[in-house]
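Here's the letter readout for the chains.
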Amino acid sequence: MTVRIILASTSQIRQSLLRSACVPFDAIAPQVDEQAVKSALLSEGAAPRDIADALAEMKARKISQRCGDALVIGCDQVLALEGRLLSKPATMDDAATQLTQMRGKAHHLISAAVICENGAPVWRHAGVVKMQMRDVSDTYINQYVARNWTSIRHSVGAYKLEEEGVRLFERITGDHFHVLGLPLLEVLGFLTTRGALEA
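Here goes a summary of the coordinates provided. Bear in mind that the values here come from a model prediction, so they are computed numbers and not experimental data. (Residues numbered from 1 in each chain as written. Predicted model: local features only at pLDDT ≥ 70, side-chain atom pairs only at ≥ 80, totals over all residues. Heavy atoms only, no water.)

1. Points about the overall build of the protein
Stage number 1. A count of helices and strands for the protein gives 7 helices and 7 strands.
Stage number 2. Starting at the N terminus, the α and β elements of the protein follow one another as β-α-β-α-α-β-β-α-β-β-α-β-α-α.
Stage number 3. Since a compact globule built from 199 residues should have a radius of gyration of about 16 Å, the 17 Å found for the protein is in line with a globular shape.
Stage number 4. Buried positions account for 49% of the 199 residues belonging to the protein. (Helix = DSSP H or I, 4+ residues; strand = E, 2+ residues; numbered from the N terminus. Rg over C-alpha atoms; globule rule 2.2 N^0.38 Å. Buried < 20%, exposed > 50% of the residue type's maximum accessible area, 1.4 Å probe, protein only.)

See the structure below:
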């Protein structure tokens, strides 16, 4: 019996990663108020890792509740800088401000995935990557934002490592797939163990 796999996301990067790995899946966007949940968790003092995990579970659970015995993958990524979370920039000025705050410092990307079946979590993982940003100039930051705004406006931290954003960094410690927002190797391992993918 073929197990249906659903990605609870419309992220083109996550979809591309699964397609490149030859994973058959459907993509369904979960209708959730991420900002409200994030704000509530922050007010309760939740750790960044817990916030990423909770948001990933919420997305997977929402789709899983109406998709029977499919394996539903929910993902979320948060950026922690000196103990606080940064969100997706609302404006070009926000993007420049975030990059200015991060330059010359290390921040952490936490990439969480939760897989639900019949409305309940059956697997979860959160990976952490340490990102050391170069001490880039104001001029470069402003030019970078102007050139890349259309692409980076939907990215936490206002950069994409798979594009020009790689020039912002001097050192990265961790899994490349976690940077892209999907702990791919771990997800593939679970799907294979469950028999949803050929071993």
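2. Notes on the environment of G181
Stage number 1. Tracing the backbone through its elements, the reader meets G181 in the loop between α6 (176-179) and α7 (184-193).
Stage number 2. The class for G181 is buried, based on a relative accessible area of 1%.
Stage number 3. Leaving out residues up to four positions away in the same chain, G181 has contacts with R14, C75, Q77 and S111. (Contact = heavy atoms within 4.5 Å.)

3. A look at the pattern of salt bridges
Stage number 1. One pass over the full model with this rule turns up 12 salt bridges.
Stage number 2. Two residues, R194 and E117, come together in a salt bridge whose shortest N-O distance is 3.0 Å. Here the residue R194 occupies a position in the segment after α7, and E117 occupies one in strand β5 (residues 106-117), the gap between them amounting to 77 residues.
Stage number 3. What makes R194 partly exposed here is its relative accessible area of 35%.
Stage number 4. The network of salt bridges with common partners includes D53, E57, R61 and R124. (Salt bridge = Lys/Arg side-chain N within 4 Å of Asp/Glu carboxyl O.)

4. Observations regarding the packing of aromatic side chains
A ring pair, where both rings are aromatic, is described by two values, the distance of the centres and the angle of the planes.
Stage number 1. Under the criterion given, the structure shown has 3 aromatic pairs.
Stage number 2. On the numbers, 4.8 Å between centres and 65° between planes, the contact of Y159 with F169 is edge-to-face. With Y159 in the loop between α5 (138-152) and β7 (169-173) and F169 in strand β7, this residue pair connects regions lying 10 residues apart in the sequence. Across the pair, exposure class does not vary: Y159 and F169 are buried alike. (Phe/Tyr/Trp six-rings, centres within 6.5 Å; stacked < 30°, edge-to-face > 60°.)

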